[in-house]
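Here is what each chain is made of, one letter per residue.
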Amino acid sequence: MDTTDYTFPQGVEEPHRRHHTVEAPLPQSFLKSLQYSVKETLFPDDPFRQFKNQPTSRKIVLGLKYFFPICEWAPRYNLKFFKSDLIAGITIASLAIPQGISYAKLANLPPILGLYSSFVPPLVYALLGSSRDLAVGTVAVASLLTGAMLSKEVDAEKFPKLYLHLAFTATFFAGVFEASLGIFRLGFIVDFLSHATIVGFMGGAATVVSLQQLKGIFGLKHFTDATDVISVMRSVFSQTHQWRWESGVLGCGFLFFLLSTRYFSIKKPKFFWVAAMAPLTSVILGSLLVYFTHAERHGVQVIGNLKKGLNPLSGSDLIFTSPYMATALKTGLITGIIALAEGIAVGRSFAMFKNYNIDGNKEMIAFGMMNIVGSFTSCYLTTGPFSRSAVNYNAGCKTAVSNIVMAIAVMFTLLFLTPLFHYTPLVVLSAIIISAMLGLIDYQAAIHLWKVDKFDFLVCMSAYIGVVFGSVEIGLVVAVAISIARLLLFMSRPRTAVKGNIPNSMIYRNTEQYPSSRTVPGILILEIDAPIYFSNASYLRERIIRWIDEEEERVKESGENSLQYIILDMSAIGNIDTSGISMMEEIKKIIDRRTLKLVLANPKGEVVKKLTRSKFIDNLGKEWMFLTVGEAVEACSFMLHTFKTEPAASKKEPWNNV
């Protein structure tokens, strides 16, 4: 790097004696630049690094471990791990069976599908998934979405077979979509569902799901298909004459039992299994109560017969013809992305607790494959639900074998125990769903968003209100739209600020953040906190001119030295496009007309490369670019003290003449 000596006149402070020249990065071919951009976009974790300089046999082994994570931990598996996984698997199976039946009813599907979906998908995930703690199964929000979207096109009661086939087809499309995101490494699309969006959406969906369970609590036979709170409450209170007190008492009793056990387990974490066993206990007690009291004759609705046997094949049931294919595709895409976001978020949360990493793209492929396989084996959409995964984690699971144990337990239930669920009251399933949903209304997270970021709180509440008063789709679209609007707002209206010197240092910081900092007489230092693109170029031009006008007015009123230099701190400008370059050229012309001088500090490599190619640097002068704001201020201060009588725009660099 070239350096040039320059001296300061007597009386001028001389913190540094060398001016470091800003250099442009070495030129690269277009193909090489494109290759680098694609690699950084799609392969930020560089998954091929481990294959470098390895023999063919080793590459095959590494490939198997990469695509089938079970090959990585299986050789190290031991009896101690199995004991932990066995306990965890049996525990989550006790939760999966009643939840599976409940959520299938929520999706307007036969209850047996909830058990089918807790058998095959966990086995697929055990082979392909990278999380040790995720417990696979159906979830309430995806079930609600499936039921709400498919019911708009097909009546589940009038056309049960068509509705069932559409559910399988939607699951297939969801799996293809999820797997494609993982294979093509497009997982960043899921990032558009921000944390605030998910908190509001989940809370709204939980509220809607809970209110819909009033149908089961009050024993109503006819209920609205709408999901908004007004329609649901109107449906509930317009049928008060059909409320069944027997069902209401039973439902409230079991709901109190479930909430009590959950509260107890929260207060006493060692007794986590109490809350985990509560749903199955409720099913058993409710079934016994109905059986011995014949409550089904007094308005208490029961599940009825459940088909015994393992999952029948359903590949031939998929629908790829009009007019229903579009409905299945839309349902699959929306439910798939919601299930994917929830599953990956849950997996990462528990991985953080145990200090290991999960590969998001592998998880997408695993979720996609288990839903594709599930659609061929009479399953509907599955992911990694938080409640089941939390129980799995608390039960001490060590590997994905806990999912295999759960699947075996469900298989045993399908083969031998399904007749025992004949007398299970639907009101118990409603109580189980309400209990699970209350845990998804994370009001503490909403309060945290309000304290930290009001805009995120707005996004959260928009999603919540949209779901509760509109529909699940409306809430999701509104929240994503606001999130994207915020992103565009950040890009089109980046932060700009005046920087000042921290006393007794060479550090320059935002004067609003650091009130003790002092501006340098005759020099205006501005920082821009974003890349310069077509979307913000016009705004930045107007904002920079306004900063200059305000500084000139302040200097005129205070009687300080007139403004001579405008230093742009480009530390945060990672890139610039042609619109941004045109803006910089306009700014320079405006500054030149005012007999001021534009100075650039710490421009990044990509910015320097583009400004050089556009001839902007030649027009500005390489000597007016500096590595740091400190060096730029030193040079400008030297000029101010050396040439007090000349306009800044007419001054030449002093270091070439010293």
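Residues numbered from 1 in each chain as written. Predicted model: local features only at pLDDT ≥ 70, side-chain atom pairs only at ≥ 80, totals over all residues. Heavy atoms only, no water.

In the nomenclature of an unreviewed UniProt entry, the chain corresponds to Sulfate transporter 3.1 from the organism Cardamine amara subsp. amara. One UniProt comment on the chain, placed under Subcellular location (unreviewed entry), says "Membrane". (UniProt positions renumbered as here; feature names shortened; annotations may be inferred.)

Would you mind going over the overall build of the chain in detail, with residue names and values included?
A count of helical and extended segments in the chain gives 26 helices and eight strands. Counting only C-alpha atoms, the chain reaches 105 × 65 × 55 Å along its principal axes. Counting only carbon and sulfur atoms, one obtains 61% of the accessible surface of the chain, whose full area is about 31600 Å². (Helix = DSSP H or I, 4+ residues; strand = E, 2+ residues; numbered from the N terminus. Areas by Shrake-Rupley, 256 points an atom, 1.4 Å probe, with all protein chains shown as cover.)

An account of the layout of surface pockets is requested, with residue identities and associated values reported.
What the largest pocket holds in volume is close to 1600 Å³. Taken together, 49 residues line the largest pocket, and the ones lying closest to its centre are Phe386, Ser387, Ala390, Gly439 and Leu440. With eight residues, helix α14 (residues 325-353) is the largest single contributor of residues to the lining of the largest pocket. Residues belonging to the lining of the largest pocket are distributed by class as follows: 35 nonpolar, eleven polar and three charged. (1 Å grid on protein atoms, 1.4 Å probe; cavity = no way out; pocket = protein on both sides within 12 Å on 5 of 7 lines; lining within 4 Å. Points joined across faces, edges and corners; volume = space filled by probe spheres on them. Nonpolar A, V, L, I, M, F, W, Y, C, P; charged D, E, K, R; others polar.)

Describe the UniProt feature "domain: STAS" (unreviewed entry) in the chain, with residues and values.
Sites flagged by UniProt as "domain: STAS" (unreviewed entry) map to residues 513-636. Across residues 513-636, the secondary structure splits into 48% helix and 15% strand, with the terminal C-alpha atoms separated by 24 Å.

Describe unusual backbone geometry, and please don't skip the residues or the numbers.
In this structure, asparagine 355 is a non-glycine residue whose phi angle is positive, near 65°. Since its relative accessible area comes to 74%, asparagine 355 is described here as exposed. Even without glycine at this site, asparagine 602 takes up a positive phi of about 55°. (Buried < 20%, exposed > 50% of the residue type's maximum accessible area, 1.4 Å probe, protein only.)

Pulling in residues and values, what's your account of empty space enclosed by the protein?
With the rule as written, the count across this model stands at two cavities of 30 Å³ or more. Empty space within the largest cavity amounts to approximately 50 Å³. Together, Leu193, Thr197, Ile198, Phe201, Met202, Ile338, Ala341, Glu342 and Leu476 line the largest cavity. Mapped by element, the contributors of at least two residues to the lining of the largest cavity are α9 (195-212) and α14. In terms of residues, the lining of the largest cavity owes the most to one element, α9, which gives four residues. Per-class residue counts for the lining of the largest cavity are seven nonpolar, one polar and one charged. Volume-wise, the second largest cavity comes out at about 40 Å³.

Explain the pattern of salt bridges to me, and be specific about the residues and the numbers.
This structure, assessed with the given rule, holds 14 salt bridges. We note a salt bridge from glutamate 552 to arginine 594, for which the minimum N-O separation is 3.4 Å. Residue glutamate 552 is found in helix α22 (residues 537-558), and its partner arginine 594 is found in the loop between α23 (578-593) and β7 (597-601); the two are separated by 42 residues along the sequence. Given the relative accessible area of 29%, arginine 594 is considered partly exposed. Note that lysine 588 and aspartate 592 form a salt bridge whose closest N and O atoms lie 2.6 Å from each other. Residue lysine 588 and its partner aspartate 592 are both found in helix α23; the two are separated by four residues, about one turn of the helix. Connected via shared salt-bridge partners are Asp453, Asp456 and Arg486. (Salt bridge = Lys/Arg side-chain N within 4 Å of Asp/Glu carboxyl O.)

Which residues make up the sheet that holds strand β5 (residues 523-528), and what values do they have?
Strand order in the open sheet made by the six strands is β4-β3-β5-β6-β7-β8, with mixed pairing throughout. Edge positions in the open sheet fall to β4 (508-510) and β8 (625-626), since each of these has one partner strand only. Relative to the sheet, α22 contacts β3 (496-501), β5 and β6 (565-569), its axis offset from that of β5 by approximately 155°. Across the sheet, α23 lies against β6 and β7, angled at about 140° from β7, the strand it touches most. (Pairing = 2+ DSSP bridges. Contact = heavy atoms within 4.5 Å. Axes fitted to C-alpha atoms, helices over the stretch in contact; angles between N-to-C directions.)

Describe in detail helix α13 (residues 272-293), supporting the description with residues and values.
End to end, α13 covers 32 Å across 22 residues, agreeing with the expected 32 Å (1.5 Å per residue, within 8%). Helix geometry: α13 is bent most strongly at alanine 278, by close to 40°, with proline proline 279 lying one to four residues after it. Listed as buried for α13 are Phe272, Ala276, Ala278, Pro279, Leu280, Ser282, Val283, Gly286, Ser287 and Val290. Buried positions along α13 lie against α4 (79-106), α12 (245-267), α16 (386-394) and α18 (426-438). Positive phi shows up at histidine 294, right after α13, with a value of about 55°. (Expected span 1.5 Å × (residues − 1). Bend = angle between axes of the 7 residues up to and from the residue.)

Break down the packing of aromatic side chains for me, citing the residues and quoting the values.
For the structure shown, the criterion picks out 19 aromatic pairs. Their ring planes at 90° and their centres at 5.2 Å tell us that tyrosine 66 and phenylalanine 67 sit as a pair that is edge-to-face. Following the ring pairs from residue to residue traces out a cluster consisting of Phe172, Phe173, Phe320 and Phe376. Directly above the ring of tryptophan 450 sits lysine 454, whose terminal nitrogen or CZ lies 4.7 Å from the centroid. We note arginine 543 situated over the ring of tryptophan 547; from NZ or CZ to the ring centre the distance is 4.0 Å. (Phe/Tyr/Trp six-rings, centres within 6.5 Å; stacked < 30°, edge-to-face > 60°. Lys NZ or Arg CZ within 6 Å of the ring centre and 35° of its normal.)

Can you tell me about the environment of valine 229, naming the residues and giving the values?
By the element assignment, valine 229 lies in helix α11 (residues 229-237). On the basis of relative accessibility, which here comes to 17%, the residue valine 229 falls in the buried class. Other than its neighbours up to four places away in sequence, valine 229 contacts Leu211, Val468 and Phe469.

I'd like to hear about the nonpolar core, residue by residue, with values.
In this structure, Ile101, Leu109, Leu113, Leu145, Phe201 and Ile338 are the most contacted members of the largest nonpolar core, which totals 101 residues. Not counting chain neighbours up to four residues away, the residues in contact with leucine 145 comprise Phe201, Ile334, Thr335, Ile338 and Val472. In terms of nonpolar packing, the next biggest core, distinct from the first, is built from 51 residues, Ile576, Val607, Leu611 and Leu640 among them. (Core = buried A, V, L, I, M, F, W, Y, C linked by side-chain atoms within 4.5 Å.)

Describe in detail the environment of alanine 24, supporting the description with residues and values.
Take alanine 24: it is sitting in the loop between β2 (18-20) and α1 (30-42). Linking alanine 24 and leucine 611, residues 587 residues apart in sequence, is a C-alpha distance of 9.5 Å. When sequence neighbours within four positions are dropped, the list of residues in contact with alanine 24 reads Val608 and Thr612.

Summarise the pairing of β6; cite the residues concerned and give the values.
Burial analysis of β6 places five of its five residues in the buried class, the great majority of the element. The alternating pattern of β6 places Tyr565, Ile567 and Asp569 on one face and Ile566 and Leu568 on the opposite face, and all of these are buried. For β5 and β6, the ladder comprises five bridges, and the chain directions are parallel. Residue isoleucine 523 lies in a different strand from β6, and its bridge partner there is tyrosine 565. Remark: the β5/α22/β6 crossover connection has right-handed handedness. In this sheet, β7 lies alongside β6 in parallel orientation, the contact comprising five bridges. (Right-handed = clockwise from strand over helix to strand, strands pointing away.)

Kindly report on the pairing of β5, identifying the contributing residues and their values.
Along β5, six of the six residues are buried, which leaves the element largely enclosed by surrounding structure. Residues Ile523, Ile525 and Glu527 point to one face of β5 and Leu524, Leu526 and Ile528 to the other, with burial holding for every one of them. Note: β3 against β5, four bridges, orientation antiparallel. Among the inter-strand pairings, threonine 496 is bridged to a residue of β5, identified as isoleucine 528.

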